[in-house]
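# Commentary on secondary and tertiary structure
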Amino acid sequence: MKLSLSTLGCPGWSWNEIFATAKDLGMNGIEVRGVANEMFAPSIPVFNMGKRAETLERIEKSGMQLSMLTSGACLGGSDTEKYMEEARAYIDFAQIVKSPYVRVMVSSVPHPTGKENLSQTRDLYEELCRYAQGKDVKVLIETNGILADSKVLAQMMQTIDSPNAGVLWDIHHPYRFYGETPKQTYDRLKDWICYLHVKDSVMQDGKVEYRMMGYGDVPVFDALKLLREGGYEGYISLEWVKRWCPDLQEPGIVFAHYATYMRYLINQLD
């Protein structure tokens, strides 16, 4: 299994700070979800034409890769053309920077809203998978919103016949919002899981309170055990949502703890 961290966790950092920290912590990948004030990956200055070659060479020499380009494209609501345009741009850009995955979602919020249009999501997702054909990029749909219900997501994925389709299993959402055990989620989605998001939390007064890894009650180790038994060798990526929740602990502390804690858990599997 490979470790990655999402840039969502360090909104105040420059690319150089992100890269240096990931390298120092022995990360295998960096997941791009905004850098500083730029959220649209193709427009991040270090990935622009003038600096792109140098940036990509630096990443390659470090032994890391851009593990995923995490778009904000939501397929289950309104403004679909805007989101489809974003998703297509991310797929094209992922091919250029040799990132294997692009993330899309049904909804912009992690919890189910009851307003997600599943039929529309399915059709638009299939269209994006077709668009990605021949680009060496997989389009991953995340377990969020109504699709955090693994029964619903499995039913949808069974109708998608594309080698460019896959699931981003955010372990937190099915457990927290649908009460699923990792085994329930894994058994339903194992044929499509390509990438993992991890975060920890507890419920306080009916609200989610995010915690550093190991300080909440999300059964991360149980999920890792199932994945190891199933032969998963992909990325485990920390999605520390500090960009959306600025009061969370600082990334320098959280990232270092994540690296140490996850290696401890992975070692327990051997």
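What comes next concerns the included structure.

Reading the values: rules and limits
- Residues numbered from 1 in each chain as written.
- Predicted model: local features only at pLDDT ≥ 70, side-chain atom pairs only at ≥ 80, totals over all residues.
- Heavy atoms only, no water.
- Phe/Tyr/Trp six-rings, centres within 6.5 Å; stacked < 30°, edge-to-face > 60°.
- Helix = DSSP H or I, 4+ residues; strand = E, 2+ residues; numbered from the N terminus.
- Buried < 20%, exposed > 50% of the residue type's maximum accessible area, 1.4 Å probe, protein only.
- Lys NZ or Arg CZ within 6 Å of the ring centre and 35° of its normal.
- Pairing = 2+ DSSP bridges.
- Axes fitted to C-alpha atoms, helices over the stretch in contact; angles between N-to-C directions.
- Contact = heavy atoms within 4.5 Å.

Turning next to the packing of aromatic side chains. What the rule picks out here adds up to eight aromatic pairs. Measuring from ring centre to ring centre gives 5.7 Å for W13 and F255, while their planes differ by 90°; the resulting arrangement is edge-to-face. Linking W13 in the loop between β1 (2–6) and α1 (15–24) with F255 in helix α9 (residues 251–269), this pair joins segments that are 242 residues apart in sequence. Across the pair, F255 and W13 agree in class, each one buried. Where W15 meets F47, the ring centres are 5.3 Å apart and the plane angle is 65°; that geometry is what we call edge-to-face. Placement of the pair is W15 in helix α1 and F47 in the loop between β2 (29–32) and α2 (49–62), with a sequence separation of 32 residues. An aromatic cluster is present here, built from W15, F19, F47 and F93 joined pairwise through their rings. Directly above the aromatic system of Y83 lies the positively charged group of K82, at a separation of 4.6 Å from the ring centroid. The residue whose ring lies beneath K135 is Y131, and the NZ or CZ to ring-centre distance is 4.8 Å.

Here we take up the sheet that holds strand β5 (residues 138–142). Taken in spatial order, the eight strands line up as β1-β2-β3-β4-β5-β6-β7-β10 and close into a barrel, and their pairing is parallel. Each strand of the sheet is rotated relative to its neighbour by a mean of 30°, with strand direction disregarded. Helix α3 (residues 80–97) rests against β3 (65–74), β4 (101–105) and β5 of the sheet, and its axis sits at about 170° to β3. Strand contacts of helix α8 (residues 220–229): β6 (165–170), β7 (193–198) and β10 (235–238), with the helix running at about 160° to β7, the strand carrying the most contacts.

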